[in-house]
Amino acid sequence: KTPPNFTSFPGDITVEAADSTGAFVNFHPSIVAKDLVDRDISNIEYSHNSGDKFSLGDTIVTVKAIDKAGNSVSQSFKVRIEDTTAPELSNIPNNVILEANEIGGRIVHYNKTAKAEDLVDGSNVTINYDPEPGTKFKLGENTVKVTATDSNNNSVTKNFTVTIKDETPPKFRNMPDNITLEANKI
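This section reports on the structure supplied with the text. Just so it is clear, the model here is predicted, and its values are computed rather than measured.

By the element assignment, Asp 121 lies in the loop between strand S13 (115-117) and strand S14 (126-130). One buried charged side chain, Asp 121, makes no salt bridge at all; its nearest oppositely charged neighbour is Lys 53, positioned 14 Å away. Leaving out residues up to four positions away in the same chain, Asp 121 has contacts with Asp 150 and Ser 151.

Moving on to the sheet that holds strand S5 (residues 39-40). Sheet architecture is open: 3 strands sit in the order S1-S4-S5, paired in antiparallel fashion. What marks the edges here is a single partner per strand, and that holds for strand S1 (5-8) and S5. As paired strands, strand S4 (residues 32-35) and S5 are joined by 2 bridges and run antiparallel to one another. Across the sheet, residue Lys 34 finds its bridge partner in S5, namely Asp 40.

Residues Phe 27, Ile 31, Val 63 and Phe 77 are the most contacted members of the largest nonpolar core, which totals 19 residues. Within the residue set of this core, elements represented by two or more residues are strand S8 (57-66) and strand S9 (72-82). Formed by 16 residues, the second largest nonpolar core is a distinct cluster that contains Val 96, Ala 100, Ala 114 and Ala 116.

Moving on: the pairing of S8. With 3 bridges connecting them, strand S6 (residues 44-46) and S8 associate as antiparallel partners. Opposite Glu 45, over in S8, you have Lys 64 as the bridge partner. In this structure, S8 lies alongside S9, joined through 10 bridges in antiparallel fashion. The residue of S9 that forms the bridge with Thr 62 is Ser 76. Hairpin connection between S8 and S9: a loop of 5 residues separates the two successive antiparallel strands, and Gly 70 in this loop has a positive phi of roughly 90°.

Glancing now at the packing of aromatic side chains. Scanning the model with the defined rule gives 6 aromatic pairs in all. Ring geometry for Phe 9 against Phe 77: centres 5.6 Å apart, planes inclined by 75°, an arrangement best described as edge-to-face. Taken together, the positions of Phe 9 in the loop between S1 and strand S2 (13-16) and Phe 77 in strand S9 put the pair 68 residues apart, joining distant regions of the chain. We note that Phe 9, like Phe 77, is buried. Where Phe 27 meets Tyr 46, the ring centres are 5.9 Å apart and the plane angle is 55°; that geometry is what we call tilted. Of this pair, Phe 27 sits in the loop between strand S3 (23-24) and S4 while Tyr 46 sits in strand S6, and the two are 19 residues apart along the sequence. With relative accessibility at 3%, the residue Phe 27 sits in the buried group. Here Tyr 46 falls in the partly exposed class, since its relative accessible area comes to 27%.

Procedures and definitions
- Residues numbered from 1 in each chain as written.
- Predicted model: local features only at pLDDT ≥ 70, side-chain atom pairs only at ≥ 80, totals over all residues.
- Heavy atoms only, no water.
- Helix = DSSP H or I, 4+ residues; strand = E, 2+ residues; numbered from the N terminus.
- Buried < 20%, exposed > 50% of the residue type's maximum accessible area, 1.4 Å probe, protein only.
- Lys, Arg positive; Asp, Glu negative; His and termini not counted.
- Salt bridge = Lys/Arg side-chain N within 4 Å of Asp/Glu carboxyl O.
- Contact = heavy atoms within 4.5 Å.
- Pairing = 2+ DSSP bridges.
- Core = buried A, V, L, I, M, F, W, Y, C linked by side-chain atoms within 4.5 Å.
- Phe/Tyr/Trp six-rings, centres within 6.5 Å; stacked < 30°, edge-to-face > 60°.

Listed below in structure tokens is the structure:
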């Protein structure tokens, strides 16, 4: 009536997702069960098989060892499939160099050309620009941050610059007309 016991059993397993459906996980080589009468137990049942594809999130795997007399013992471990990989970010806008057209800088409208791809979310990734197009950029070099974030809050940021120059010489306004005077005789 004494059930077998596990002499070797895996701890919880964490694996990075391979795609949106999860990842394949192997775990069986470390599970060993012994019995006082039968010695090594070969009748081991799994709620999920080693090598199965596990979905994102946590899955409990229950392992049951049964001796020849029908006595059994069960034990469980957790398989966690997680997404900690940031998306790939590409097609960042080129650096921009423009002449100032108002005091202190210029309003710049650049094209949002960035693209992102994620192992789990595919192209369903949020892309943010900081600052947004239509913002007034000050004189000098300004950095625009382009950030792609997936549904698990993994993100990547790349930058481009908007440089505002002031190379236009000043213009005179309200210049008086030419003045012609007769020289005074002394």
